[in-house]
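Chain by chain, the residues:
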Amino acid sequence: MDPLPTNIWIAACAHRLQQRWRTVDPTLLEEVADDLWQDPHLRAMPPADAAAEWLKPVASDHDDQGRHRLLD
């Protein structure tokens, strides 16, 4: 499979990030996606996978459990 053009990879990655942070300015998310593209490890992944990998620390169950305890 041919690699995606840079601009398409960044746009797809930014779209995935926006699914997590809907209130963040899309321009800022594109800047973050561009930063992710600069990382060779993440650039080798499909854009959605790279975004998911980068989001792991904020998407953990630990965060959700802590949030639920605060609401109880």
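Above this text is the structure in question.
Since we're looking at a predicted model, the values are computed, not measured.

(A) The arrangement of the packing of aromatic side chains in detail. Throughout the structure, instances matching the rule amount to 1 aromatic pair. A centroid spacing of 6.0 Å and a plane angle of 80 degrees characterise the contact between Trp21 and Trp54, whose relative ring orientation is edge-to-face. Within this pair, whereas Trp21 is found in the loop between helix H1 (6-20) and helix H2 (26-38), its partner Trp54 is found in helix H4 (residues 47-55), the two being separated by 33 residues in sequence.

(B) Main features of the packing of H1 against H4. Contact geometry for H1 and H4: axes closest at 8 Å, N-to-C directions at 45 degrees. Our classification of the angle between H1 and H4 gives oblique. Of the two elements, H1 crosses H4, and the hand of that crossing is right-handed. When H1 is examined against H4, the residues Trp9, Ala12, Cys13, Arg16, Leu17 and Arg20 are found in contact with a partner set consisting of Pro47, Ala48, Ala50, Ala51, Ala52, Trp54 and Leu55. When its residues are assigned to classes, the contact of H1 with H4 shows 11 nonpolar, no polar and 2 charged.

Conventions adopted
Residue positions within a chain follow its written sequence, with the count starting from 1. Since the coordinates come from a predicted model, pLDDT governs what is reported: local features require at least 70, and pairs of side-chain atoms require 80 or more to be given and counted, while whole-chain, interface and lining totals use all residues. As a convention, hydrogens and water are excluded, and side-chain values are obtained from all of the structure's heavy atoms. Here a Phe, Tyr or Trp ring, Trp counted by its six-membered ring, pairs with any other such ring whose centre lies within 6.5 Å, and the pair is stacked when the planes are under 30 degrees apart, edge-to-face when over 60, and tilted otherwise. Going along the chain from the N terminus, every DSSP run of H or I of four or more residues is numbered as a helix, and every run of E of two or more is numbered as a strand. Lines fitted to C-alpha atoms define the axes, with helix axes restricted to the stretch in contact, and inter-axis angles between N-to-C directions lie between 0 and 180 degrees. Just so you know how the angles are binned, under 35 degrees is roughly parallel, over 145 roughly antiparallel, 65 to 115 roughly perpendicular, and the rest oblique. When the near helix sits turned anticlockwise from the far one by under a right angle, the crossing is termed left-handed; a clockwise turn instead gives a right-handed crossing. Throughout, a residue-residue contact means that at least one pair of heavy atoms, one from each residue, lies within 4.5 Å. Polarity classes work like this: nonpolar for Ala, Val, Leu, Ile, Met, Phe, Trp, Tyr, Cys and Pro, charged for Asp, Glu, Lys and Arg, and polar for all others, with Gly in that last group.

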